[in-house]
Amino acid sequence: MIEVQGSAPFLDDFCRALKRDVPPLAKIETIEECTISCVSEDGFVIGDSSSGNEVETLIPPDIALCHDCCRELLDPENRRFRYPFINCTNCGPRYTIVARLPYDRPFTSMHGFTMCPECAAEYHDPLDRRFHAQPNACPVCGPVLTLLDASGKLCSVSDAALETTELLKKGLIVALKGVGGFHLAVDARNDKAVSRLRERKGREAKPFAVMMRDMAVVRHFCELSEGEYAALSSAEAPIVILKKKTLEGLSPSVAPDHDRLGVMLPYSPLHTLLFNDGIDVLVMTSANFSEEPIVNENDEALLRLKSIADYFLMHDRPIFLKCDDSVTIHLSGSLRHIRRSRGYVPAPVFLRENGPVVLGTGGELKNTVALLKGTHALISQHIGDMKNFEAYRHFQHVATHLQHLFQASPELLVHDLHPGYMTTGWALKQDIPVLGVQHHHAHHASCLAENREEGPAIGIILDGTGYGIDGMIWGGEVLIGDASGAERFASFEPMPLPGGDAAVMQPWRAALGYLSRSFSTIPDLPFMKERCIEPVLELLQKRVSVYETSSCGRLFDAVAALSGMHGEISYEGEAAIQLMLAAGRTMGSSSFRYTHEEHSGRWIMKVSPIILDVVAAVQEGVSVVDISQRFHRTLVNCFEDIIRKAYQTTGIRTVVLSGGVFQNALLFETLVFELEEAGYRVLTHVLVPSNDGGISLGQAVIGRSYLAGRYRGVY
Ligand code: ZN
Ligand code: ZN
Ligand code: FE
C-alpha cells in the first residue's frame, strides 16, 4: 500500500511512473487507486510489513545473478569481489530461503547472519540497489564457502571456488551446493569423468543437462533461435533443450543418442566464479540417486553422495525448500515447461475466476501440488516420482508448507482416481473433504485453466498411464467438456498389456500384447530373438496379470519395439523418444491404415490396423526412419479426423492438447500447425507442463467446480 500526497499533476505523474519504471522483477497485477483525506506529513517512510491474519504478499521465485552484481563480483576493487553470495533486490535466492511470510529477513535462512554496518546501510538506503534485499550479505557478515573431500574433511584452501575449478579440470566429480539443492558437476569435455559419474549415479542413458559459460559456447554446440536465446538469458535461467549442432569436444556420454541437449547458463554467483576460471562446459545434474528428490542439506549430502562425489563445495546458508532446475523447450513459437521449478515457482498462474481455496495433490509421476487461492494458482516445484519414499516425504512437506506459506486452508483436497497412488492415500488421511478426479480430465482442465478459458473444448489427451473410470489404463483419449465434466468422445482401441507396470520399462512386452490382439497367429519378428517370449505369450493367452490399455505412450513403445528399436529401456518414455528421433524431425507423407468405429456412443480409434501395417513394413524391410515418419503421420491424421467428427457433432472449434506425449516435438508441432490451418483454435500448455506436472492445477480447478455444485466428472 502506497500513500502519496501532492498536487494533482504530480500524483498523475507518479501513477504513470509506477507502471512505466518498474524494477526488473516487478510484476504489476492490478492497481487500485482511492483518495483519502490529507494529513500533515512529509518525507519518505517505509512502514513495517503488516503481519495481520490475511497475507496477500507473494513470494518471488529465485532469480539469476543480475548484470550489476555480476560486474561487482568480478571487480577486484569491489568489496564483494569473488563473493559467491552477492545479491540485490534484482537477483538472488527467494523461494528456497523463505520459511514463512512476510518475506523479511528474520523469516529466511539468512536469519542467522547479522548484517555488518556497511550491509545494513545499503539495506536501509532507499536509493541503494540493496534496499530491503533480504538476503543481503558480504564477506564480512555473510555465508562462507567451504571445500570438503569425500570423507567430509575440510580442505584448507584460500579460495574454495578457484580450487574447485582446478579439481573439475582434473576430471573429478564435485557436489556443489547451489540455490535449490546440490548439483553433481563434472567437466563435460572429459569422457572418462562423465562416464564415471553415470556409473556412480546409476543413470544409464538418461541425458545429463549441461551448464555452458556463455552464449558463444552455446552457439558453438547448439542451434539457437531468438526465443531460445531469450529463455536462456532470462532471470528465470531454466534449462532449455536445444538442438545439437556439433558434438566435437563434448563427451558422447553426456546425452547419448539424442539430437538435443539440455543447456543452462551460470545463474548463481558461484557458477559465474567457476566458469570465470577456465571451464566452459560442465555436466550439472541434480544431486540425487535416480528419481529421488534433489539433496539440499549439508549433512545429508555428505552422507548420501559420498559414493558419488570426490569433493563437496558447500556453504552455511541453509536451503529451506529444495527446488530443482526448471526444464523447458521451445516448440511452436513458445517456451514450454517440461519441469517447472526454480525461477518460476512460486509465481502464480492467474486464473479467470475467483473461488474457494482448493489443493490439488497431483499424480504419481512428476508430481506437483497446486493451491488455488483467489485468482492465484500457486503451483509447487517439481516434486518427483511418488513411488520413491524420499519423494513422498518431500511431497508431504511441500503440500503443508504451501498452505502455511500462503496462509490458506483448503476446503477440498483433490486427488487422482487411482486408489493406489501415494497422493490419494495422503489426501484420504487428512481431515478435509476430498474429491477423486479422472487423470485425463485433470489434464484437460489444466490446459483450459492456464489459458484462462472456460471451455467447453475438444481435448486430445495423450500420455502413458492414467486410471480410467472403468478401472482400465487410459492414455489415448478425446474428451469434450470443461472443468465440471467431460464426455469420453473417443479413445484408442484397448490393447492387452502383459505385466502392467513391468511393460513400461520393457516395450517388447507391450509389442507382444499389441500383436496378440491384432493377429490370430503371432508372426515371427526379429525383435523376438533372444527374448523369453513364451511365458509372456502364456500370460496373454491365460489373461493372467494382463491389463487393458488405451495408452498412447504404450502404442509408441509397441511400435518402437516392433521396429526393432528398444526392447528394454532405462527411463520411462525412452522408446517413444527414440522412435521420434528416428523420424529425424520429418513427418511422413503417407499414413498407415487406421479406422474409427462407433461403439455404444463412443468412437474407438482402432489400433490393430496400424499394428498390422507396421508389421508388414517390418517384414518388407522398410527402414525405422520410414516407419517412424509414417507412424507420426498416422497419428496426426487419425486425430484430425476425430476432431472433425467432434466438431461436426458439437460445433466446438476449440481444441486442447495435453498429456506427456505432447513433449514429442514432431507430433505436437505438426498437429498444432495443421489444426490451426484447418481453422481450429488450439490451446496448448505454456505455463505448466503438459505432462503429469500439470495435473495438480487441473485437479484443483475441477475441485472448484465441484464446490460450486457443477461437477459431473467423466462420462
Ligand atoms: Zn543483483
Ligand atoms: Zn556485510
Ligand atoms: Fe498423464
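Every value quoted in this text rests on a predicted model; they were computed, and no experiment measured them.

Draft legend 1. How the structure looks around the coordination of the zinc ion (ligand 2). Around the zinc ion (ligand 2), the protein supplies C116 (SG), C119 (SG), C138 (SG) and C141 (SG) as donor atoms, at distances of 2.2 to 2.4 Å. Between the four donor atoms coordinating the zinc ion (ligand 2), the angles at the centre fall across 104 to 117°, so the site counts as tetrahedral. In terms of primary sequence, the donors binding the zinc ion (ligand 2) are separated according to C-x2-C-x18-C-x2-C. Here C138 lies in the loop between α3 (117-124) and β1 (145-149) and C119 lies in helix α3, a separation of 19 residues in the sequence. Among the residues examined, C119 registers a relative accessible area of 0% and is labelled buried.

Draft legend 2. Geometry of the coordination of the zinc ion (ligand 1). Binding of the zinc ion (ligand 1) to the protein goes through C66 (SG), C69 (SG), C88 (SG) and C91 (SG), at separations of 2.3 to 2.4 Å. In this structure, the zinc ion (ligand 1) is surrounded by four donor atoms whose angles at the metal cover 103 to 120°, and the resulting shape is tetrahedral. We note that the donor set of the zinc ion (ligand 1) lies within a single chain, spaced as C-x2-C-x18-C-x2-C. A residue pair is termed long-range when its members are at least 10 positions apart, and C66 in the loop between α1 (8-20) and α2 (67-73) and C88 in the loop between α2 and α3 qualify at 22 residues.

Draft legend 3. Highlighting the domain arrangement of the protein. Per the domain assignment, the segments of the protein are domain 1 (145-315) and domain 2 (348-454 + 693-714). The centre of domain 1, based on its C-alpha atoms, is set 33 Å off from the matching centre of domain 2. Counting residues at the interface gives five residues for domain 1, matched by six residues for domain 2. When domain 1 packs against domain 2, the two sides together hide about 380 Å² of surface, and 58% of this comes from carbon and sulfur. Summed over the shared surface of domain 1 and domain 2, the result is zero salt bridges. Across the contact surface, domain 1 and domain 2 share zero residue pairs in polar contact (both at pLDDT 80 or more). Broken down by class, the residue content of the side of domain 1 that touches domain 2 amounts to one nonpolar, one polar and three charged.

What counts and how
Residues numbered from 1 in each chain as written. Chains lettered and ligands numbered in written order. Predicted model: local features only at pLDDT ≥ 70, side-chain atom pairs only at ≥ 80, totals over all residues. Heavy atoms only, no water. Donors = N, O, S within 2.8 Å, 3.2 Å for Na, K, Ca; no water. Tetrahedral: all angles 85-135°; square planar, octahedral: opposite > 155°, others 65-115°. Helix = DSSP H or I, 4+ residues; strand = E, 2+ residues; numbered from the N terminus. Buried < 20%, exposed > 50% of the residue type's maximum accessible area, 1.4 Å probe, protein only. Domains from an automatic or database assignment. Contact = heavy atoms within 4.5 Å. Buried area = accessible area lost by both parts, 1.4 Å probe. Salt bridge = Lys/Arg side-chain N within 4 Å of Asp/Glu carboxyl O. Polar contact = N/O pair within 3.5 Å; in protein donor to acceptor, adjacent residues only side chain to side chain. Nonpolar A, V, L, I, M, F, W, Y, C, P; charged D, E, K, R; others polar.

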